[in-house]
Structures are given as structure tokens and as C-alpha cells.
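# Examining the three-dimensional arrangement
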Amino acid sequence: MSVKPLSVKDLYTRTTLRPLSIKSTDDLEDIEALIGQERALGAVRFAARMRQRGYNLFVIGPKGSGKHMAVKRYLEQRRTEIEVPCDWVYVHNFQNSYTPTAIALPAGRAESFRRAMQELVTDLTAVIPTLFESEDYRLRIEAVNKEAADKQQKSLESVDEQARKQGLTLIRTPQGFAFAPLSGKTPMAPEAFQKLPEASQKRYQEATKGMMEELQKVLRAMPHIERDRQRTLRKISRETARRVIEQEIADVETEMASADAALKHVKAVADDMVDHIGLFLNAEDGSPGIVPDGGGESAVENDPAHRYQVNVLVSNRPAGGAPVVVEDHPALSKLVGRIEYYAHMGTLVADFSLIQPGALHRANGGFLLINADKLLLNPMSWEALKRALYAEKITIEAPNTNTATATVVSLQPDPIPLDLKIVLFGDHRLYLMLSALDPDFHDLFKVAADFEEIIERTPENDALFARLVATIARNNKLRPFARPAIERVMEHAARLAGDSERMSTSVGQIADLMREADYFAGEDGKAKVSRTDVDRSIAAQIHRADRLRERTVEQITRGTVLIDCDGARVGQVNGLSVLSIGDFAFGKPSRISATVRVGAGKVIDIEREVELGGPLHSKGVMILSGFLAQNYAADAPMALAATLTFEQSYGGVDGDSASSAELYALLSALSGLSIDQSLAVTGSVNQMGAVQAIGGVNEKIEGFFDVCAARGLTGRQGVMIPASNVKHLMLRADVVDACKDKRFRILPIATIAEGIEVLTGTTAGERGTDGTYPSGSVNRLVEERLVRFAELRAKAAAQAKES
């Protein structure tokens, strides 16, 4: 059988946009949505419109796929169809200051409520002191004081009148009230009292004792008179204050007429202002009947502007639609809000005005977009988000504070009802991890929008992709891209997809390439970006990342790493692997060798024995045993001991893409036929001998090409690839040119039989009707060797038994 090298058209599929009749991106319209994402965008639409609990959205796709932009754009269009959510404010709870009250207001009314309350306090601070200094208020207070004084005086005069009837009079002394005998109309001098007869003195003393009892009755009534005076004064002060407060607060009630919760709070404010009217007066300007306020622990207790202010948590524009919020740093405080504190006499104190909103508050009634990996880096945030979604309310939690130097006076604000859609963004790995490890995940995120990473190259998709290029150019204010430049960008998208029939949807990488191409066009003073500029930007991207690739080629050309590019060797073949450094991947040739001898029928994978081989590589090696058993010496026991290894491999090896190369080396070692070292091999194999597709075929071909080019191309050199990988070829221009000039070749291989014939130049051979392979064929030589091994093993076993 003969395997022909691939033609140039198979190595690189060019894009043509001639049917569009365009000259540049200026002739193309912008595209509204990502191309090829109908499934994912359908899931987004469903989740956005589904109002039942738990239908939150997880958007799956790699970074740079444009999924975030596409989802955000759709939600921003959808937001106008949803009723604008209400505003939320926190106010002081006059019954319990440690549980601030949350109030819902119609959209756009929170700021007007805040301003109205601020103006109310400002006006009352100016009006109330003046009111309590007015003539009317002063006269009313004086009348009350005079009435109380008159009552006290009349009570004392009544006692004095009774005393005079008994020859006594009531006098005031430094020690208080006392009774003295009368001498005419004036109190008797002590000396005169001593000269009175003893009977007269005794009579006066008994009369004094009786009057003292009457006096005590009057004095006990004095506090009641003072209490009545204070009550009357307070009543006058409250009536005076309430009158002006109700006049001023009427404007606020008019402003908030349609907000019942706000009106209820305004009424509570009016009552509290009357009870704490002293807050509006300076201590030195205090008025009679007003109990001084202030001196508390917080500004809420001392400052009316603070006590009666409105803390606006969320304010929405009435015509703005539902909010679409992107939270880039979903820490706990950023997500559910926080309470700030200030120090006061060794204590951390908080009040309602220090409550700050989180992303859940700002997005309430709309959509909240979060990167899942950032959210999971804050485990407290992930748990808090789940609690909020299950409870359907936002509870601001105070952080745990373990300090020996301060006592925390914390708050428990009213929770706020929660009604929103959460949109998480992540890759497949993150989605699968959450699905497997968190039982709540699927209950809360019932919808997954899985964004395609590649799209098919069809005329329709080519036209849409060209519009995508035009959209990126205009959004980034780049120069127009000429038609050949657009075609080159699309060809690079196919290379990113690793498939000549597909294109990558990685908008981020495409945009980066276009920005860099625009830079090179600007360096040359061009008005439009050309195909050459795109080629330069691709080459520059590779050059910035390929230092390790160059060192690898250098080690091979200097003979440090042993790779043959010509000649023939038994049991030795050039295998190919792919190394990745970030977004840059390159192929690396490796020598694979095999040795055989009589043994127990085991193929030893040295990489696995020293724990450098991964499970997939080990599986590939084990398949080789199945292939040998399937195709050779079925009637004889397998008496083979073989070893396989990647020479000069000092790192881990995984994947089965080298299994065909390992099988070729093993067949060469068994048959004794040499393998052409000018060829490198890639491809996996099954037990039936079919060569299967592998990944990274372009990088592997280019990796061996670079080594051959460094040593000098001979025309015999090339790479054997699975025939099923031909459709994935999008090779570099220098590789395509070398193949065009017949200095390099790419050979498509469908079976191991085809491959071994190419490598050895010997017919593989098919089993004939007599059950044997043709003489001199690869398969005949292999089978004869295995039969010989079986005979030698049987002979050795017999000798061992006799001895």
C-alpha cells in the first residue's frame, strides 16, 4: 500500500470573503450578539424571564469568550421590560435604637425623602429657639410661675393667720420656717420671752407644737404645687413645639403622600421631636419646662440632624428599569453590605446612618453578575449568598470582633426582602466542581448557559464573523481592517480552534490580535490594517512567548537532546508531544525506544514504573499488549518481555497520542527492521490497529519541522499523522511553503499497517488463507519472533522442571 503526502490545500484552509463584496470593515454592520451561541443565549433568555425561585443562571465558557459582554448586553436590553424596584432607606428606630428600621419607597423617592427630612431639621433648628424666646411664650410661663408662687404664698399666709390667733407668727430663718410669740405686731425678742411667767411660756410652746403640725401639712403640699407647675410648663412647651413641628412637617407629609411607610415614620418623628425638643436648644439657652437632651453615647442621642436623617441605601431612577450590577470584588461586606463603627470612650459604636449597602441591595429587583471563581475565593460570601437566596431576604451581619481593648455595640438592622437573579460566570471545571461538591448548587442555579468555544466555518458564519471583526474594530476605535486582513483574522481563529473547519469564539484573543495588528499598521503610517499587519502581530505574539521553544530546538541541534532526523534505527522512533506555557503551545520531538526479549508476556512502561506516566499514557501502553495478542501467534503463549520509554524525559508523560509511535518501535524491535528517522510520528491506536486522532496536531508538526529546518531540510523529512486529523490542519506558512516545494511532507495514516510500511519500507502483510503472513513481511517477522520466544520459554520451563 502507498501513502501519499498531503497536498498544500490540505495543510491550510484559506478564507475568502469575495462573495460579500466588501473592501474593509467600514462596509460591514455591527453584530448585536455573539455568533453561534443560540443555545447559550436561549438559556440566558429563559433564566431572565423565569420568575420562580431557584432559576438563577450559571454561564459556562472559557475566559475571553465574550460571554460576560453578551449576557450583560442582553440583560441591559431586558431591564426596561421589568418594573423598576423600590428604593430602600434605613431610619432610626425610636423604640429600639439597636434595630434600625428599613423603609421601602417608590423608585426615585429616597433622595427626596432624605432632603425633605434634612430641610425639616434645619428649619426647626432655626425656628424652635426663636419660638421659645417669644413674648407670648414668656408671658404664659410667667403666669404659670406666678400662679404656683401665689398658691405657695397663700398656704403659708393661712398658717400664719392661724398662728396669730394663738399669739404666734410664722417667720423664716436660715434653718427654715419657725414660729415666734408676738409682742404687739412684731415677733417677741428672746429676752422678753424668758421674762414671761412659766405658764405663759408653756402655753406658747404647746401652741407652737400644734402650729408646727399645721405647717408640716402645708410644706408637704409644696412639692405637689411644684410638680403641677412643671407639668403645666411641659404641657405649654409641648403644645408650643407640636404646633410648629406639625406646621413644618406638613411639607414632608405632602412630599411623601404616596408612601405609607414614610408617612408612618414621619408621624413617629413628630412625636419624638416633641419628646426631645431640648435637642433643638442650646443648654445655656434652655427654656423653663424643657428637659435638657444630649450627653448620650452616640450622635443619634445628641444631634437632631443625625437622629432624624434618612440613610439612603438604594436609590433607583424611575425610568431606568431593573438594575444590572456587576460585582468584581464579592467579599462579604461588598455582597451583603456592612455596618461601620466609630470609637467612643473605648467602645466601638454604630448607628443606622453607618449601614452601607452591598451588591445584593443595589441589584435587588434586577440582575447581579459575579465571577464564580472570585466568589468562591471568599467562602463566607458564597455561604451568605446561598442564605440570602434561600431566605429571600438580605440580612446585614456584623463581623465577629475578638478584641480585648474594645467593646462592640452592634446593630441588627431590619432584613430587606430579596428578589433578583444571580448570574455566575465560570468555566466547565468550576461548574462540575460545584455540581459535585455543593448539594445546594443545582437547587439555586437551575439554568446553565453553555457557551460554544468553536463554530463551524460556513459562508453564513464567515459573514457573521466578519461583522464581529468590524464590531471589535469600531468598539476599540481601531483602523478599518481591509478584506484580506479580515480573512487572516478568521484563519487565525481557525488555528486557535485547532480545526480547519471550525473557528474559535474567543473574542478576547481575537480582539488582542486586532489591537496589535492596528499598532503595527500605525507604526507604518497606514490608514487601514492589512493582512501583513495581522501576520506581524501573530509573529510578534509567538516571538514573545517562544523562548523555551527556541532553547528546545537549540538543545537538539547541539546534540544535547538526542533526536535523529535522518538514517534508520531498529526499535527507535521520533515521537511528538505538546508543551504549553500560558496560551502558547509548541511541539517537542522525543525519542521513543523499545527493547524485547523472552519473558512472561508483559510490556513494561518505564514511565509508569517510575511514576512519570499518567493513567492515559499507561492505558495506551496496555492497548499495545492487546494489539499483539490480537494479531500475532494466537496459538502460542505470549512469551515477550518488552520495555518502552521516552528517552531523556525528565517530567511527567500523559495522554495516549504516542501509543502508535510506541507500537512502531515495538514492532521494529520484534521484526529487526529499521525505522526511518527522518519521520516523526503521532497518533493513538486501538487494539484493532486503527490510528486515532489526537490533539495539538499543528503544534506537533511544527515542532518537528523546526528541528529539521534547523539541521537542513532534505525532502525526506516529514510527520505521520492520523488520517482523521487532516481536517484539523492549519499550519504555519513556512511549513506549508516547505511542503509545496517538496522539502517536507505530511503523511496521513489510517492504520498501523500503513504506518509501519512507511517507516520500514517493508510490506506489513495480510494473513493469507493458510493462516500465515507473507514471507518477509513485517507481520511475518514479528510473529516468527514471538513464536521463537514462546518456544524458548517452553524449553527453559522444561529444563527447569527436569532439574
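As a reminder, the structure under discussion sits directly above these lines.
The following refers to the structure shown. (Residues numbered from 1 in each chain as written. Predicted model: local features only at pLDDT ≥ 70, side-chain atom pairs only at ≥ 80, totals over all residues. Heavy atoms only, no water.)

### Here we look at the overall build of the chain
Along the chain, the regular secondary structure elements total 28 helices and 31 strands. In terms of overall dimensions, the chain is more spread out than a globule: its C-alpha atoms have a radius of gyration of 48 Å, far above the 28 Å expected for 803 residues. When the backbone C-alpha atoms are referred to their principal axes, the chain occupies close to 170 × 85 × 50 Å. The burial tally for the chain puts 47% of its 803 residues in the buried class. Taking the contacts inside the chain whose residues are at least 6 apart along the sequence as the reference set, 76% of them involve residues at least 24 apart. (Helix = DSSP H or I, 4+ residues; strand = E, 2+ residues; numbered from the N terminus. Rg over C-alpha atoms; globule rule 2.2 N^0.38 Å. Buried < 20%, exposed > 50% of the residue type's maximum accessible area, 1.4 Å probe, protein only. Contact = heavy atoms within 4.5 Å.)

### Examining the nonpolar core
The biggest cluster of nonpolar side chains holds 54 residues, and the ones touching the most others in it are Leu75, Phe451, Phe465, Phe481, Ile486, Met514 and Val534. Ignoring anything within four residues of it in the chain, the contact list for Phe481 reads Lys23, Ser24, Thr25, Ala473, Ile486, Val489, Met514, Ala517, Val529 and Val534. Ala639, Ala658, Met720 and Leu747 belong to the second-largest nonpolar core, a separate cluster that totals 43 residues. (Core = buried A, V, L, I, M, F, W, Y, C linked by side-chain atoms within 4.5 Å.)

### Focus on the packing of aromatic side chains
All chains considered together, the criterion is met by 13 aromatic pairs. Seen from their ring centres, Tyr431 and Phe441 are 5.6 Å apart, and the 75 degrees between their planes marks the pair as edge-to-face. Of the two residues, Tyr431 is situated in helix 15 (residues 428-437) and Phe441 in helix 16 (residues 441-444); the sequence distance between them amounts to ten residues. Across the pair, exposure class does not vary: Tyr431 and Phe441 are buried alike. Ring geometry for Phe441 versus Phe445: centroids 5.6 Å apart, planes at 20 degrees, classification stacked. The exposure class of Phe441 is buried, given its relative accessible area of 0%. Members of the aromatic cluster, joined through ring pairs, are Phe58, Trp382, Tyr431, Phe441 and Phe445. In this structure, Lys446 is placed above the aromatic ring of Tyr55, and the distance from its NZ or CZ to the ring centre is 6.0 Å. (Phe/Tyr/Trp six-rings, centres within 6.5 Å; stacked < 30°, edge-to-face > 60°. Lys NZ or Arg CZ within 6 Å of the ring centre and 35° of its normal.)

### Some points on the sheet that holds strand 17 (residues 421-426)
Spatially, the five strands line up as an open sheet ordered 8-13-17-1-18, and their pairing is parallel. Across the chains shown, the open sheet's two edge strands, defined by having one partner strand only, are strand 8 (324-327) and strand 18 (447-450). The sheet shows a mean angle of 20 degrees between the axes of neighbouring strands, direction not considered. Contacting strand 1 (57-60), strand 17 and strand 18, helix 15 runs over the sheet at an angle of about 140 degrees to strand 1. (Pairing = 2+ DSSP bridges. Axes fitted to C-alpha atoms, helices over the stretch in contact; angles between N-to-C directions.)

### Considering the environment of Ala790
Within the fold, Ala790 resides in helix 28 (residues 778-802). Remark: the alpha-carbon pair of Ala790 and Pro637, spanning 153 residues in sequence, is separated by 6.1 Å. With residues up to four places along the chain from it excluded, the contact list for Ala790 reads Ala636, Pro637 and Ala639.

### Quick notes on the environment of Gly61
Take Gly61: it is sitting in the loop between strand 1 and helix 3 (67-78). Gly61 sits in the buried class, given a relative accessible area of 2%. Spatially, the C-alpha atom of Gly61 lies 19 Å from that of Asp499, the residues being 438 residues apart in sequence. If we skip the residues at most four places from it in the chain, Gly61 touches Lys67, Gly426 and Asp427.

### Observations regarding the sheet that holds strand 6 (residues 186-187)
Spatially, the three strands line up as an open sheet ordered 4-5-6, and their pairing is antiparallel. Whereas interior strands pair on both sides, the edge strands pair on one side only; in this sheet they are strand 4 (168-173) and strand 6. Across six bridges, the pairing between strand 4 and strand 5 (residues 176-183) is antiparallel. Directly across from Arg172, in strand 5, lies its bridge partner Phe177. Across the sheet, helix 5 (residues 135-165) lies against strand 4 and strand 5, angled at about 135 degrees from strand 4, the strand it touches most. Across the sheet, helix 7 (residues 198-255) is in contact with strand 4 and strand 5; its angle to strand 5 comes to roughly 145 degrees.

### Details of the pattern of salt bridges
Inspection of the entire model under this criterion finds 42 salt bridges. With a closest N to O distance of 2.6 Å, Glu491 and Arg531 form a salt bridge. In this pair, Glu491 sits in helix 18 (residues 483-497) while Arg531 sits in helix 20 (residues 531-545), placing the two residues 40 residues apart along the sequence. Look at Glu491 and you get buried, because its relative accessible area is 0%. With relative accessibility at 16%, the residue Arg531 sits in the buried group. We note a salt bridge from Arg716 to Asp676, for which the minimum N-O separation is 2.4 Å. Linking Arg716 in the loop between helix 25 (697-711) and strand 30 (718-722) with Asp676 in strand 26 (residues 674-676), this pair joins segments that are 40 residues apart in sequence. With a relative accessible area of 47%, Arg716 lands in the partly exposed category. Here the salt bridges share partners, and the residues they tie into one network are Arg495, Asp546, Arg549, Glu699, Glu702, Asp706, Arg732 and Asp734. (Salt bridge = Lys/Arg side-chain N within 4 Å of Asp/Glu carboxyl O.)

### Here's the deal with the environment of Val312
Its place among the elements puts Val312 in strand 7 (residues 311-314). Sequence separation between Val312 and Val782 is 470 residues, and the spatial gap between their C-alpha atoms is 85 Å.

### Here's the deal with unusual backbone geometry
Despite not being glycine, Lys477 shows a phi value in the positive range, around 55 degrees. Counting through the fold element by element, Lys477 comes out in the loop between helix 17 (459-475) and helix 18.

### Some words on helix 17
Helix length check: helix 17 (17 residues) gives 24 Å between terminal C-alpha atoms against 24 Å at 1.5 Å per residue, within 8%. Buried within helix 17 are the following residues: Asn461, Asp462, Phe465, Ala466, Leu468, Val469, Ala470, Thr471, Ile472 and Ala473. Where the residues of helix 17 are buried, they touch strand 19 (454-456), helix 18, strand 20 (502-504) and helix 19 (507-523). Among the residues trailing helix 17, Lys477 stands out with phi positive, at a value near 55 degrees. (Expected span 1.5 Å × (residues − 1).)

### Observations regarding a negative patch on the surface
A contiguous patch of negative charge on the surface is contributed by Glu119, Asp123, Asp251 and Glu255. Mapped onto the negative patch, the elements with two or more residues apiece are helix 4 (110-131) and helix 7. Assignment of secondary structure puts Glu255 in helix 7. (Patch = residues over 30% accessible without salt bridge, like charges linked within 9 Å, V, L, I, M, F, W, Y side chains within 5 Å. Areas by Shrake-Rupley, 256 points an atom, 1.4 Å probe, with all protein chains shown as cover. Lys, Arg positive; Asp, Glu negative; His and termini not counted. Charge placed at Lys NZ, Arg CZ, Asp CG, Glu CD.)

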